[in-house]
Amino acid sequence: MSVYELLCLSKESDQFEDFFSLHIMSSGMKISFERYCYLLTLEKNHPSETHFHLVQDTSIYFGVSEQTIYKDISKMEFESLPPTPP
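We now turn to the structure provided with this report.

Definitions and cut-offs
- Residues numbered from 1 in each chain as written.
- Predicted model: local features only at pLDDT ≥ 70, side-chain atom pairs only at ≥ 80, totals over all residues.
- Heavy atoms only, no water.
- Phe/Tyr/Trp six-rings, centres within 6.5 Å; stacked < 30°, edge-to-face > 60°.
- Helix = DSSP H or I, 4+ residues; strand = E, 2+ residues; numbered from the N terminus.
- Buried < 20%, exposed > 50% of the residue type's maximum accessible area, 1.4 Å probe, protein only.
- Lys NZ or Arg CZ within 6 Å of the ring centre and 35° of its normal.
- Axes fitted to C-alpha atoms, helices over the stretch in contact; angles between N-to-C directions.
- Parallel < 35°, antiparallel > 145°, perpendicular 65-115°, else oblique.
- Left-handed = near helix turned anticlockwise from the far one by under 90°.
- Contact = heavy atoms within 4.5 Å.
- Nonpolar A, V, L, I, M, F, W, Y, C, P; charged D, E, K, R; others polar.

1. Section: the packing of aromatic side chains
- Taken as a whole and judged by the stated rule, the model has 7 aromatic pairs.
- A centroid spacing of 5.3 Å and a plane angle of 45 degrees characterise the contact between Phe16 and Phe33, whose relative ring orientation is tilted. Residue Phe16 is located in helix 2 (residues 16-21), and its partner Phe33 is located in helix 3 (residues 27-45); the two are separated by 17 residues in the primary sequence. When sorted by exposure, Phe16 lands in the same class as Phe33, which is buried.
- Each ring, one from Tyr38 and one from Tyr61, has its centre 4.3 Å from the other, and the planes form 10 degrees; the classification is stacked. Residue Tyr38 is located in helix 3, and its partner Tyr61 is located in helix 4 (residues 51-62); the two are separated by 23 residues in the primary sequence.
- For Tyr61, a relative accessible area of 54% corresponds to the exposed category.
- Aromatic ring contacts, followed pair by pair, group Tyr4, Phe16, Phe20, Phe33 and Tyr36 into a single cluster.
- The ring of Phe16 carries the charged tip of Lys11 above its face, separated from the ring centre by 4.8 Å.

This is how it looks when you write it as C-alpha cells:
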C-alpha cells in the first residue's frame, strides 16, 4: 500500500487529522499530500497535458520548486514493504 493510499483511507475514516495531531506523521507529509492531490486533479482534468507541465503548474500554484513536487510524488507513491515472516 502506498503512503497516498494510506492517507486516502484515513481521510475516509475520519482518522486523517489524528495522524498529524498525534504526530504519527509530520505536518510536512500533510502538505505533500495536499500538493499531490492537486496534481492528480490536474492530471484528471487535463489528460492531454504533459506530466512536466502539470508538475510545473502545481509548483507555481503552491509557490514551491518543481523538485519539491517531484519529492512529493516520491513520498506519496512510496510502497511499504510487506512484513517478512519470522
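Read on, since the account is not over.
2. Considering the packing of helix 3 against helix 4
- Following both chains from N to C, one finds helix 3 and helix 4 inclined at 135 degrees, their axes separated by 10 Å at the closest point. In terms of axis orientation, helix 3 runs oblique to helix 4. Crossing geometry of helix 3 relative to helix 4 is assigned as right-handed. In this structure, helix 3 uses Glu34, Arg35, Tyr38, Leu39, Leu42 and Glu43 to contact helix 4, whose residues at the interface are His51, Leu54, Val55, Asp57, Thr58, Tyr61 and Phe62.
- Taken together, the residues of the contact of helix 3 with helix 4 sort by class into 7 nonpolar, 2 polar and 4 charged.

3. Focus: the packing of helix 4 against helix 5 (residues 66-77)
- At a minimum axis separation of 8 Å, helix 4 and helix 5 run at an interaxial angle of 110 degrees. Here helix 4 is positioned roughly perpendicular relative to helix 5, judged by the angle of their axes. For the pair helix 4 and helix 5, contact is made by His51, Phe52, Val55, Gln56, Thr58 and Ser59 and by Glu66, Ile69, Tyr70 and Ile73, respectively.
- The residue inventory of the contact of helix 4 with helix 5, partitioned by class, reads 5 nonpolar, 4 polar and 1 charged.

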